[in-house]
Amino acid sequence: MIASGTPVPEFTLKRGDGSEFTSADLEGQTTVLVFYPFAFSPVCTDQFNLYEEVLDDFRAKGATLYGVSCDATYSQTAFAERLGVTIEQLSDFEPKGAVCRAFGVYHEGGFPQRALVIVGPDKVVRWSYEAASPGDLPGANLIFDALES
């Protein structure tokens with residue numbers, strides 16, 4: 001997994017509207033990349049519901065959250081709409097898992113590990129975390145604590 005102090009790799013993900021989200025979009029803001037295995041899976045659903053509940057608190061800390069999975073943009077859009085989640089979803093569908101691999105969170109089963117990466121305004125990784133298993137839900141306090149340090 002990508003380590004603290006590492007500059008983020010150059011990458012391109014797809015937004016729900018088909019436009020590109022690149023590493024350049026991280027510049028000037030504190031970003032939390034939330035890598036998750038599958039849209040609509042029970043733990044992913046719980047994770048995004050939890051993060052959405054405290055999204056204003058994340059914003060108050062100056063952080064912007066993005067969900068990243070290998071799901072197609074159509075699945076991610078349906079997932080966010082179904083949950084009523086406003087956290088923008090970014091697709092690493094094609095080439096499948098290229099960004100997840102670059103961040104060291106790709107599971108050979110074809111999906112990202114459940115992981116969190118905080119990137120500073122200078123596009124350098126400030127903190128990273130990988131859950132022990134894809135079934136573990138990293139609580140919001142984990143992110144808040146990392147933002148404080």
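Everything that follows concerns the structure shown earlier in this document.
Below you will find a few notes about this structure. (Residues numbered from 1 in each chain as written. Predicted model: local features only at pLDDT ≥ 70, side-chain atom pairs only at ≥ 80, totals over all residues. Heavy atoms only, no water.)

### Things to note about the overall build of the protein chain
Scanning the protein chain from terminus to terminus reveals 5 helices and 9 strands. Compactness check: the protein chain gives a C-alpha radius of gyration of 14 Å against a globular reference of 15 Å for 149 residues, within 12% of the reference. Oriented by its inertia axes, the alpha-carbon framework of the protein chain measures out at about 35 × 30 × 30 Å. In the protein chain, which comprises 149 residues, the proportion classed as buried is 48%. Once local pairs closer than 6 in sequence are excluded, the contacts in the protein chain between residues at least 24 apart make up 67%. For the protein chain, the computed accessible surface area is about 6800 Å², with 49% contributed by carbon and sulfur atoms. Positive and negative side-chain charges in the protein chain, numbering 10 and 21 respectively, have mean positions lying 2 Å apart. (Helix = DSSP H or I, 4+ residues; strand = E, 2+ residues; numbered from the N terminus. Rg over C-alpha atoms; globule rule 2.2 N^0.38 Å. Buried < 20%, exposed > 50% of the residue type's maximum accessible area, 1.4 Å probe, protein only. Contact = heavy atoms within 4.5 Å. Areas by Shrake-Rupley, 256 points an atom, 1.4 Å probe, with all protein chains shown as cover. Lys, Arg positive; Asp, Glu negative; His and termini not counted. Charge placed at Lys NZ, Arg CZ, Asp CG, Glu CD.)

### Things to note about the nonpolar core
By size, the foremost hydrophobic cluster in this structure holds 22 residues, and its most contacted members are Y51 and F58. Per-element accounting of this core gives the leading share, 4 residues, to helix α5 (residues 140-148). Apart from the residues lying within four places of it in its own chain, the contact partners of Y51 are V34, F58, L65, I87, L116, P138, G139, A140 and I143. (Core = buried A, V, L, I, M, F, W, Y, C linked by side-chain atoms within 4.5 Å.)

### Overview of the pairing of strand β9 (residues 125-130)
Here strand β8 (residues 115-119) runs beside β9; their pairing, made up of 5 bridges, is antiparallel. Residue V119 lies in a different strand from β9, and its bridge partner there is V125. Once β8 ends, the chain turns through 5 residues before running back antiparallel as β9, passing K123 with a positive phi of about 65 degrees. (Pairing = 2+ DSSP bridges.)

### What about the packing of aromatic side chains?
Considering all chains together, one arrives at 13 aromatic pairs under this definition. Between F38 and F111, the aromatic rings sit 4.9 Å apart at their centres with planes inclined by 50 degrees, giving tilted as the arrangement. Residue F38 is located in the loop between β3 (30-35) and α1 (42-53), and its partner F111 is located in strand β7 (residues 111-112); the two are separated by 73 residues in the primary sequence. Residue F111 is classed as buried on the basis of its relative accessible area of 12%. (Phe/Tyr/Trp six-rings, centres within 6.5 Å; stacked < 30°, edge-to-face > 60°.)

### With respect to the pattern of salt bridges
Pairing between side chains of opposite charge can happen when the charged atoms of each approach one another. Considering all chains together, one arrives at 6 salt bridges under this definition. Among the ionic pairs, K14 bridges to E20, the shortest N-O distance being 3.9 Å. Under the relative-accessibility criterion, K14 is labelled partly exposed at 35%. With a shortest N-O distance of 2.8 Å, E88 and R15 are connected by a salt bridge. (Salt bridge = Lys/Arg side-chain N within 4 Å of Asp/Glu carboxyl O.)

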